[in-house]
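So the chains spell out like this:
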Amino acid sequence: MPQNSTGSKHTDHDLRIASILRGRKISLKVDGKQVVAYEGETVHAALTAAGIRRLKGSRGIFCGMGICYECLVTIDHVPDQRACMTFVEDQMEIITDES
Ligand code: FES
């Protein structure tokens, strides 16, 4: 298994630290593609782990704590939801860019 610069093990398609205990594995649909997530993660965490960094044009996640509103996505047809403040749910549908 490859290691990143911090020595943490991860797969090519999942940037999570392998040794962390997680909730139940679930599935999201992000821009039409299936993405793995774990209960207890935020949408922000799941997107980042999947290598998705760009949201709504060129903006991306900045503060990670609900202040900047730079992480807006559409979740289950509700626009302008903060990815960093929303916990994932199984079969959640996320659109990162509608422009
Ligand atoms: S990253 Fe700042 S509000 Fe979500």
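None of the values given here were measured: they were computed from a predicted structure.

Draft legend 1. Quick peek at the overall build of the chain. Broken down by element type, the chain carries one helix and five strands. The linear arrangement of helices and strands in the chain, starting from the amino end, is β-β-α-β-β-β. Taking all 99 residues of the chain together, 32% fall into the buried category. Long-range contacts, defined as pairs at least 24 residues apart, comprise 39% of the intrachain contacts of the chain with a sequence gap of at least 6.

Draft legend 2. Representation of the pairing of strand β3 (residues 72-75). Going residue by residue along β3, you find Leu-72 and Thr-74 tucked away on one face and Val-73 and Ile-75 tucked away on the opposite face as well. Sheet analysis places β3 next to strand β4 (residues 78-82), joined by three bridges and oriented antiparallel. Across the sheet, the residue bridging to Val-73 is Gln-81, located in β4. Between the end of β3 and the start of β4, which pair antiparallel, lie two residues, with Asp-76 showing a positive phi angle near 50 degrees.

Draft legend 3. Inspection of the sheet that holds strand β2 (residues 33-38) at higher detail. As summarised here, the arrangement of the five strands in space is β2-β1-β5-β3-β4, forming an open sheet in which the pairing is mixed. Edge positions in the sheet fall to β2 and β4, since each has one partner strand and no second. In this sheet, neighbouring strand axes are inclined to one another by 40 degrees on average, regardless of whether the strands run parallel or antiparallel.

Draft legend 4. Structural detail: the pairing of strand β1 (residues 25-30). Judged from the six bridges that link them, β1 and β2 form a sheet pairing that is antiparallel. If you follow Leu-28 over to β2, its bridge partner there is Val-35.

Draft legend 5. Spatial organisation of the pattern of salt bridges. On inspection of all chains with the given rule, the structure shows three salt bridges. The closest approach of N and O atoms between Arg-16 and Asp-14, which form a salt bridge, is 2.9 Å. Owing to a relative accessible area of 10%, Arg-16 belongs among the buried residues under this scheme. A salt bridge links Arg-16 to Glu-41, with the shortest nitrogen-to-oxygen separation between them at 2.6 Å. Highlighted residues: Arg-16 in the segment before β1 and Glu-41 in the loop between β2 and α1 (43-49), separated in sequence by 25 residues. Of the two residues examined, Arg-16 and Glu-41, each falls in the buried class. Through salt bridges with shared partners, a single network forms among Asp-14, Arg-16 and Glu-41.

What counts as what
- Residues numbered from 1 in each chain as written.
- Predicted model: local features only at pLDDT ≥ 70, side-chain atom pairs only at ≥ 80, totals over all residues.
- Heavy atoms only, no water.
- Helix = DSSP H or I, 4+ residues; strand = E, 2+ residues; numbered from the N terminus.
- Buried < 20%, exposed > 50% of the residue type's maximum accessible area, 1.4 Å probe, protein only.
- Contact = heavy atoms within 4.5 Å.
- Pairing = 2+ DSSP bridges.
- Axes fitted to C-alpha atoms, helices over the stretch in contact; angles between N-to-C directions.
- Salt bridge = Lys/Arg side-chain N within 4 Å of Asp/Glu carboxyl O.

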